[in-house]
Amino acid sequence: MSLFQARFDEAVWQIIANIPLGQVMAYGEIARAAGFPRHSRMVSKAMSRSTKKLPWHRVIRSDGSLAFPLKSEEYETQKARLMSEGVLMLNGKVSAAKTEPDDLDALIWGPES
DNA sequence: CCCTTGACTATCT
DNA sequence: GAGATAGCCAAGG
């Protein structure tokens, strides 16, 4: 294993492990937080290599969609886990992290009307 | 070396 | 706003 991987993996796993329950982070955000701004694509590989248990389901794309194919087993698992943590999903996209009930109406129906 | 491969992104149609 | 496009970059063949 290259030195790059060793350092990158460690940094990335660290970030992911600290994502609060009910919250999500994009690949790019994680890469940036880990100190590797242009390595969003490497994040997935680091996760695949991980032996430790990580909250991988809290990692999504920058546009809020999940990275796995729609009908795949992983997609369903990730979606299920997110929803069980209170993460809202509308039209295949994560709309928001866990919020207070007071905010739900605004989130779902919009600030207007 | 050159080419392909991604659990990606930002930007333009 | 969905699709195409062009950057991105380490790994592996």
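Up top is the structure these notes are about.
The model shown is predicted, which means the values in this text are computed figures rather than measured ones.

### Considering the pairing of strand S4 (residues 93–96)
Okay, so step 1: Here strand S3 (residues 88–90) pairs with S4 via three bridges, running antiparallel. Along S4, the bridge assignment pairs Leu-88 with Ala-96.
Okay, so step 2: Where S3 folds back onto S4 in an antiparallel hairpin, the turn is made up of two residues, including Asn-91, whose phi is positive at roughly 55°.

### Overview of the side chain of Glu-85
Okay, so step 1: Note that Glu-85 resides in the loop between helix H4 (73–84) and S3.
Okay, so step 2: Residue Glu-85 is classed as buried on the basis of its relative accessible area of 12%.
Okay, so step 3: A polar atom in the side chain of Glu-85 sits 3.1 Å from the backbone nitrogen of Gly-22.

### Considerations on the protein's contact with DNA strand B
Okay, so step 1: Taken together, 14 residues lie near DNA strand B, and Tyr-27, Arg-41, Met-42, Ser-44 and Arg-61 sit nearest.
Okay, so step 2: Close to the protein, within 4 Å, the atoms of DNA strand B belong to sugar or phosphate groups at a rate of 43%.
Okay, so step 3: Separating a phosphate oxygen of DNA strand B from a backbone N or O atom of Gly-28 is a distance of 3.0 Å.
Okay, so step 4: A distance of 2.9 Å separates a phosphate oxygen of DNA strand B from a polar atom in the side chain of Arg-61.
Okay, so step 5: Mapped onto the surface near DNA strand B, the elements with two or more residues apiece are helix H2 (27–34) and helix H3 (40–49).
Okay, so step 6: Among the elements that line the surface near DNA strand B, the one with the most residues is H3, at six residues.
Okay, so step 7: Classifying every residue of the surface near DNA strand B gives seven nonpolar, five polar and two charged.

### Section: the protein's contact with DNA strand C
Okay, so step 1: In the vicinity of DNA strand C, the contacting residues are Ser-2, Phe-4, Gln-5, Arg-38, His-39, Arg-41 and Met-42.
Okay, so step 2: When the atoms of DNA strand C within 4 Å of the protein are sorted by group, sugar and phosphate make up 71%.
Okay, so step 3: Interatomic distance of 3.3 Å between a side-chain N/O atom of Arg-41 and a base oxygen of DNA strand C.
Okay, so step 4: Of all the secondary structure elements, the ones that give two or more residues to the surface near DNA strand C are helix H1 (3–17) and H3.

Procedures and definitions
- Residues numbered from 1 in each chain as written.
- Chains lettered and ligands numbered in written order.
- Predicted model: local features only at pLDDT ≥ 70, side-chain atom pairs only at ≥ 80, totals over all residues.
- Heavy atoms only, no water.
- Pairing = 2+ DSSP bridges.
- Helix = DSSP H or I, 4+ residues; strand = E, 2+ residues; numbered from the N terminus.
- Buried < 20%, exposed > 50% of the residue type's maximum accessible area, 1.4 Å probe, protein only.
- Polar contact = N/O pair within 3.5 Å; in protein donor to acceptor, adjacent residues only side chain to side chain.
- Near = heavy atom within 4 Å.
- Nonpolar A, V, L, I, M, F, W, Y, C, P; charged D, E, K, R; others polar.

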